[in-house]
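# Examining the three-dimensional arrangement
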Amino acid sequence: FNIYKDMRNPDPNRLPVSYEDWEKEARKKLEDGPFYYVKGGAGGERTMEANVSNFNRWQIVPRMLNNVDERDLSINLFDQTFPSPILHAPIGTQSVIHDEGEIGSAKACAELGIPYIASSAATIPMEKIAEAMGDAPRWFQLYWSRDPEIAGSFVKRAEASGYSAIVVTLDTPMMAWREDDLRNVYLPFLIGEGVGNYFTDPAFLAKLDQSPQKDPEAAIMHWTKVFGNTGLTWGDLAFLREHTNLPILLKGILHPEDAELAIEYGVDGIIVSNHGGRQVDGAISAIDALPQVSEVIQDRIPVLMDSGIRRGSDIIKAMALGAKAVLVGRPAMYGLAVAGKRGVKEVLQNLSADLDITLGLIGKRSVNQIDRSVLVEAKNPK
Ligand code: FNR
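Thresholds applied
Residues numbered from 1 in each chain as written. Predicted model: local features only at pLDDT ≥ 70, side-chain atom pairs only at ≥ 80, totals over all residues. Heavy atoms only, no water. Helix = DSSP H or I, 4+ residues; strand = E, 2+ residues; numbered from the N terminus. Rg over C-alpha atoms; globule rule 2.2 N^0.38 Å. Contact = heavy atoms within 4.5 Å. Areas by Shrake-Rupley, 256 points an atom, 1.4 Å probe, with all protein chains shown as cover. Buried < 20%, exposed > 50% of the residue type's maximum accessible area, 1.4 Å probe, protein only. Arc of directions from axis to C-beta. Salt bridge = Lys/Arg side-chain N within 4 Å of Asp/Glu carboxyl O. UniProt positions renumbered as here; feature names shortened; annotations may be inferred. Near = heavy atom within 4 Å. Polar contact = N/O pair within 3.5 Å; in protein donor to acceptor, adjacent residues only side chain to side chain. Lys, Arg positive; Asp, Glu negative; His and termini not counted. Patch = residues over 30% accessible without salt bridge, like charges linked within 9 Å, V, L, I, M, F, W, Y side chains within 5 Å. Axes fitted to C-alpha atoms, helices over the stretch in contact; angles between N-to-C directions. Left-handed = near helix turned anticlockwise from the far one by under 90°. Nonpolar A, V, L, I, M, F, W, Y, C, P; charged D, E, K, R; others polar.

Turning our attention to the overall build of the protein chain. The helix and strand inventory of the protein chain stands at 15 helices and 12 strands. Radius of gyration (C-alpha) of the protein chain: 20 Å, near the 21 Å computed for a compact globule of 382 residues. In terms of overall dimensions, the protein chain has C-alpha extents of about 70 × 50 × 40 Å along its principal axes. Across the protein chain, contacts joining residues at least 24 apart in sequence account for 75% of those joining residues at least 6 apart. Total accessible area on the protein chain stands at roughly 17,200 Å², and carbon and sulfur atoms take up 50% of it.

Here it is, written out as structure tokens:
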């Protein structure tokens, strides 16, 4: 109710509320290159759109008279309790979005206790992000380099700087066909953004003839060679296991058989995701992939989900279809573009408030009570 009480004294500097308004404000702040880098998807953006619109295939059926005075959004993952089922998705090169870059986003999360997933492609090295977060919860996202020494080194550095899980992104062994970026001739990595973790990595630096400060061009060119790894197979996961005792989650699982393989190869969690529709145009939407994947996993390991989460009701639908928690990508980035740390914090707080209100309105006291029975399939989805 506090949210509505504020209306008696509206803040003249108040921030946007809806996802659509945040996007509009972000458009005013950013040049074409960075704006479309955030907004865009692969190819004709059909998967990106389906990620959002296919939530309409499900409808929530609220229940009444259930005493929802006290509500609890908290969840438990890998023996840690988090205040809500919301995590900040890994996003690279945030300094092209706002001067505060990853530090702004990470601090916003730290203030809320929301786990921040630091990207391998961050502008700012993971140790600096960790330092800005104190002992707040954080995970590290690995882009598994073609150079195994770099991959091993990243995992070790993450462990040493207090990241408590490793998220391995599998859907990006190479950059996708992204028409916005091609049109705008814009890839932040090639202008030296997004190399923070590489330019500070001993295994990466050992392969250069000169320091990145002396010859940035050569360092960036070497980065393009080692960044992705199209040669990986399931058996390679053993290499990661040897390098860390932290929980390992696979991000980018869409096929139920890959979910089963994830279990077979001993990972600790999976994230159903199509990278926000940024990799395979025409791929199944994440919300459509989720039920079959959860069905296969059957609570053996936690299933998380991202790609298309915009509102509290989306989180309820994702949890009803088997997700234990969700990751939020573009909404947080529009917050960052509009107002740095303050913007990210506002977006995440609004999403939690929307979730809390909607939870109560459907007659549930805890997110852990959300199950398939809260949903029906829509007859005529739009
Ligand atoms: C991403 N994503 C991403 N994923 C990842 O594993 N490592 C990364 O460095 C990035 N970088 C990145 C940059 C930008 C600008 C965007 C929008 C996305 C994908 C991200 O983690 C997540 O899967 C999607 O953003 C989720 O979809 P929504 O919430 O944006 O619809």
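That was the structure; now back to the text.
The next subject is the environment of P62. Residue placement: P62 occurs in the loop between β1 (58–60) and β2 (75–77). On a C-alpha basis, the gap between P62 and D306 in space is 24 Å, while along the polypeptide they are 244 residues apart. Residues in contact with P62, not counting those within four places in the same chain, are L361 and I362.

Another aspect to go through is helix α4 (residues 46–53). Of all the residues in α4, the buried ones are T47, M48, A50 and N51. Looking down the long axis of α4, one finds its buried residues gathered within 165° of arc, a one-sided arrangement. The inward-facing, buried residues of α4 contact α3 (32–39), α13 (286–297) and α15 (330–361).

Under the counting rule described, the total for this entry stands at 16 salt bridges. E20 is the partner of R311 in a salt bridge, and the nearest nitrogen-oxygen pair spans 2.7 Å. Taken together, the residues R311 in the loop between β10 (303–305) and α14 (312–320) and E20 in helix α2 (residues 19–29) connect sequence positions 291 residues apart. The partner of D268 in a salt bridge is R241, with the nearest N and O atoms 2.4 Å apart. Taken together, the residues span a long stretch of sequence, with D268 in the loop between α12 (256–264) and β9 (269–272) and R241 in helix α11 (residues 237–243) at a distance of 27 residues. Residue class for R241 comes out partly exposed when judged on its relative accessible area of 30%. Each of E111, K341 and K345 takes part in one network of salt bridges that share partners.

Here, the residues flagged by UniProt with the feature "binding site: glyoxylate" (unreviewed entry) are Y37, Y143, R178, K251, H275 and R278. Along the polypeptide, Y37 turns up in helix α3. Exposure remark for Y37: the relative accessible area of 7% places this residue in the buried category. Excluding its chain neighbours within four sequence positions, the residues that come into contact with Y37 are G92, T93, V96, R178, D181, Y186, P188, F189 and R278. Every residue in contact with K251, bar those within four places of it in the chain, is listed here: P90, V167, V168, T169, L170, D171, I271, S273, H275, D306 and L327.

Our next topic: the site of the ligand. Near the ligand lie 21 residues; those nearest to it are P90, S119, T169, D306 and R310. Within the side chain of T169, a nitrogen or oxygen atom sits 2.7 Å from an oxygen atom of the ligand. D306 is positioned such that a nitrogen or oxygen atom in its side chain is 2.8 Å from an oxygen atom of the ligand. Across the complex, the protein chains shield 98% of the 600 Å² of accessible surface that the ligand would expose by itself.

If you trace the backbone, K317 turns up in helix α14. An unpaired buried charge is present at K317: no salt bridge exists, and D314, the closest side chain of opposite charge, is 5.3 Å distant. K317 has contacts with F55, N56, W58, I60 and L375, leaving out every residue within four places of it along the chain.

Among the structural elements, E70 can be located in the loop between β1 and β2. When the C-alpha atoms of E70 and P85 are compared, they prove to be 17 Å apart, with 15 residues separating the residues in sequence.

A cluster of nonpolar side chains, F1, I3, Y4, M7, I357 and L361, forms an exposed patch at the surface whose accessible area comes to about 720 Å². If you list the elements that add at least two residues to the nonpolar patch, you get α1 (2–5) and α15. Relative to the assigned elements, I357 resides in helix α15.

We note that T93 has phi near 45°; this positive angle belongs to a residue other than glycine. For T93, the position within the fold is in the loop between β4 (86–88) and α5 (101–112). Residue S307 is not a glycine yet carries a positive backbone phi of 100°. Its place among the elements puts S307 in the loop between β10 and α14.

Looking now at the packing of α5 against helix α6 (residues 126–133). Think of two packed helices as two axes; the pair is described by the angle between the axes and how far apart they sit. Two numbers describe how α5 lies on α6: the axes approach to 9 Å, and their chain directions differ by 35°. For the element pair α5 and α6, the recorded crossing hand is right-handed. Two secondary-structure elements touch here, α5 through E102, I103, A106, K107 and A110 and α6 through K128, I129, A132 and M133. When the residues that make up the contact of α5 with α6 are grouped by side-chain class, the tally is 6 nonpolar, no polar and 3 charged.

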